[in-house]
Amino acid sequence: MSYDLVIKNGMVIDGSGLPRYRADIGVRHGRIAAIGRIRERARDVIDADGQVVAPGFVDGHTHMDAQIFWDPLGTCSCWHGVTTVVMGNCGFTLAPCSAADKHLVMRNLERAEDIAAEAMDAGIDWTWTTFPEFLDRVESLPKGINYAGYIGHSALRTYVMGERAFEQAASEDDLRGMERELRDAIRAGAIGFTTSRSPNHETPDRRPVASRLATWEEIRRLVGVMGDMNAGIFELAGEEVGRNSRDPQGLRDYHVRLRDLAVETGRPVTWGLFSRREAPEVWRVYLDLLEETAAAGGRMFAQVHSRALAVMLSFKTTLPFDRLPVWKDLRALPLAEQKHRLRDPELRRRLVEAARERDERRVVGAEPRPAVYEWIFVFDRVEAPHRSVAEIARERGVDPVEALLDLAIEKDLELFFLQPVANEDQDHALELMKHPRTVVTFSDSGAHVSQIMDASLQTHLLSHWVRARQAFTLEQAVRMLSFVPATYWGFADRGLIREGLAADLLVFDPETIAPEMPEVAHDLPAGARRLVQRSRGISATVVNGEIVLRDGKPTGALPGQLLRGPLARRA
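Residues numbered from 1 in each chain as written. Predicted model: local features only at pLDDT ≥ 70, side-chain atom pairs only at ≥ 80, totals over all residues. Heavy atoms only, no water.

Caption draft 1: A look at the sheet that holds strand β10 (residues 192-196). On the basis of which strands lie adjacent, the open sheet formed by six strands has the order β9-β10-β11-β12-β13-β17 and parallel pairing. With one partner strand each, in any of the chains shown, β9 (151-152) and β17 (438-440) form the two edges of the open sheet. Running over the sheet, helix α6 (residues 216-229) touches β10 and β11 (233-237) and is turned about 165° from β10. (Pairing = 2+ DSSP bridges. Helix = DSSP H or I, 4+ residues; strand = E, 2+ residues; numbered from the N terminus. Contact = heavy atoms within 4.5 Å. Axes fitted to C-alpha atoms, helices over the stretch in contact; angles between N-to-C directions.)

Caption draft 2: Representation of the state of the cysteines. Overall, the coordinates contain zero disulfides when judged by the stated rule. Considering cysteine sulfurs only, Cys-78 is the nearest to Cys-76, which forms no disulfide, with 7.8 Å between them. Take Cys-76: its relative accessible area is 4%, and that puts it in the buried class. (Disulfide = S-S within 2.5 Å. Buried < 20%, exposed > 50% of the residue type's maximum accessible area, 1.4 Å probe, protein only.)

Caption draft 3: View of the pattern of salt bridges. All told, the structure shown has 50 salt bridges when counted by the stated rule. The closest approach of N and O atoms between Arg-220 and Glu-264, which form a salt bridge, is 3.2 Å. Here Arg-220 is found in helix α6, whereas its partner Glu-264 is found in helix α7 (residues 248-265), with 44 residues between them in sequence. In this structure, Arg-530 engages Asp-523 in a salt bridge whose closest nitrogen and oxygen atoms are separated by 2.9 Å. Residue classification places Asp-523 among the partly exposed residues on the basis of a relative accessible area of 42%. Sharing partners across several salt bridges, the network here consists of Arg-31, Asp-493, Arg-494 and Asp-504. (Salt bridge = Lys/Arg side-chain N within 4 Å of Asp/Glu carboxyl O.)

Caption draft 4: Examining the nonpolar core more closely. Within the largest apolar cluster, 122 residues are counted, with the highest numbers of intra-cluster contacts made by Leu-94, Phe-134, Trp-271 and Phe-508. Ranked by residue count, the leading element in this core is α6, at seven residues. Not counting chain neighbours up to four residues away, the residues in contact with Leu-94 comprise Asp-65, Ala-66, Phe-69, Val-105, Leu-109, Ile-124, Trp-126, Trp-128 and Phe-134. Within the second largest apolar cluster, 39 residues are counted, among which are Val-326, Leu-347, Ala-393 and Ala-422. (Core = buried A, V, L, I, M, F, W, Y, C linked by side-chain atoms within 4.5 Å.)

Caption draft 5: Local environment of helix α5 (residues 172-188). When the terminal C-alpha atoms of α5 are compared, their 24 Å separation across 17 residues agrees well with the 24 Å that a helix rising 1.5 Å per residue should span. Every buried residue belonging to α5 is among Asp-174, Leu-175, Gly-177, Met-178, Glu-179, Glu-181, Leu-182, Ala-185, Ile-186 and Ala-188, and all of these are buried. Buried residues along α5 sit in contact with α3 (131-140), β9, α4 (153-161), β10, α6 and α18 (566-570). (Expected span 1.5 Å × (residues − 1).)

Caption draft 6: Fine view of unusual backbone geometry. For the bond running from Thr-75 to Cys-76, omega is 5°, close enough to zero to count as cis. By the element assignment, Cys-76 lies in the loop between β6 (57-59) and β7 (82-87). Ala-95 connects to Pro-96 through a cis peptide bond whose omega is 0°. For His-29, which is not glycine, the phi dihedral falls at a positive 55°. With respect to the helices and strands, His-29 occurs in the loop between β2 (21-28) and β3 (31-36).

Caption draft 7: Region of the structure containing the sheet that holds strand β8 (residues 146-149). Judged by pairing direction, the sheet is parallel, and its three strands sit side by side in the order β6-β7-β8 without closing on themselves. Looking along the sheet, the strands with just one partner apiece sit at the ends: β6 and β8. Averaged over all neighbouring strand pairs, the angle between strand axes comes to 15°, with direction disregarded. In terms of strand pairing, β7 meets β8 through four bridges, oriented parallel. The partner of Val-86 across the bridge, within β8, is Ala-148.

Caption draft 8: Region of the structure containing the pairing of strand β18 (residues 505-508). Alternating positions in β18 separate into two faces, Leu-505 and Val-507 on one and Leu-506 and Phe-508 on the other, with burial throughout. Note: strand β5 (residues 52-55) against β18, four bridges, orientation antiparallel. Looking at the pairing, Pro-55 lines up with Leu-505 of β18.

Caption draft 9: Spatial organisation of the packing of α6 against α7. Close contact between α6 and α7 brings their axes to 9 Å; oriented N to C, the two are set at 30°. On the basis of the axis angle, α6 is roughly parallel to α7. Considering only the axes of α6 and α7, their crossing is right-handed. Counting all contacts with α6, which are made through Trp-216, Ile-219, Arg-220, Val-223, Gly-224 and Gly-227, the residues of α7 involved are Arg-257, Leu-258, Leu-261, Glu-264 and Thr-265. (Parallel < 35°, antiparallel > 145°, perpendicular 65-115°, else oblique. Left-handed = near helix turned anticlockwise from the far one by under 90°.)

Caption draft 10: Expanded view of the packing of aromatic side chains. Scanning the entire structure with this criterion turns up 12 aromatic pairs. Look at Phe-321 and Trp-327: their rings are 4.5 Å apart centre to centre, the planes differ by 35°, and that puts the pair in the tilted class. On the basis of relative accessible area, Phe-321 is assigned to the buried category, the value being 2%. If you follow Arg-257 out to its NZ or CZ, it ends over the ring of Trp-216, 4.9 Å from the centre. (Phe/Tyr/Trp six-rings, centres within 6.5 Å; stacked < 30°, edge-to-face > 60°. Lys NZ or Arg CZ within 6 Å of the ring centre and 35° of its normal.)

Here's what the structure looks like:
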């Protein structure tokens, strides 16, 4: 018997959490065909001696809906061991929507998710109207990794209501129209339904995105459609009341609504969960909600992160001062001209003085916050600890803004600064990861492309929490990144190394795997910028039995698939 691919001599960590063992893996027709000692020939062979062979990682929270049209590989996720992503989170999808109305969908995405309208306009060939048509289009695209997609509430609302979606509650006819489209989407393979009720999600003209105009009864009606069909996951970006502890009764009422929705519909409910220094104990109340919902007979799980969620500040991206007088004029110049102007002592003095003002525009999403220099860190290497700008300013005896300028100039304006906005306390992040009803995911890949860089959360878990901190064994961490998310999102043939399952596999060196420093690239359509971050230590990424990346370099193979939801798979 011959094989398409054999991975030989590797140490297999199979995703189950069981101890590692040495074995070869044989692949045929995109599936794992044999595990053990393989002597037969193969068309392609990977020698994994001294390395780990693991299932490909699954990321349940991305926004690759637009990027998939211009990036067949699925960067930056694919560089960090991810072989399957779920897109369409937080109510943001490109369908249902006709080409004539695409401005409505792009309005929802542009500011809330930091996806440039010019990139979407130049990079997407809009050939669909309904969500089933969109899925068919995604299925036809060349793909390096696997994709599954939710249907998003904002797109659903604008499709049925048009401009009224940004202004008013839905009528009974509107609700029936949305229910009908959602039912069709789930039948066609949508993995679920998502919404946003978060004040962090606004349009470029500072209005709420369409889903935020929905009443809770509208949410109940739509999730109830999935309940009637016994299919689909409900994901949401949560309400403002959930972000602080100043309204305990409001927080309790919100949690009761979430719990009851999960129990009444029987559908899994999921949302992102971070700790925040301005409300340091609220995350524990959310963990209690997970247990309370389970005790009441509902299914609910939280999505957590492996490190702090931080805005990447730099002269090449954004700074907290960009909209302030003096700064605004400087930042409008080409970078080379900014470097030249910063040599002017008088301009430097004016910049320092102007930075004491506050931008009155409300910050949303992952936009830079007003500067608090104890919480802005010099990001000169990947691994923590990182020194704060305030600490360096005290050492140098200068104003923190002066210190920030000096540090940037010393690195020819190539330096990044980190501004954490959540998970500031890493002990809290660790506790969140260890909870039995959480899953480590939430890269937001494809969104916030010039603001944050969280696509490396998987390699960070392996390098920091496994190798440096020894908070998890390698077996535990691999299970957290593969089998656990694959199970939560219902990918029954992925996330484990077992005969008969899909051959999504990684070969990596556990002693060197790690994220590398991010960079700024202008590789989006229309030359729009984004942050990119590669990794080291992964020698091969295999998707559906084909090698997509060798040492981080594309092979040209694009074997990725659209993974449709359960009703489509049964049809």
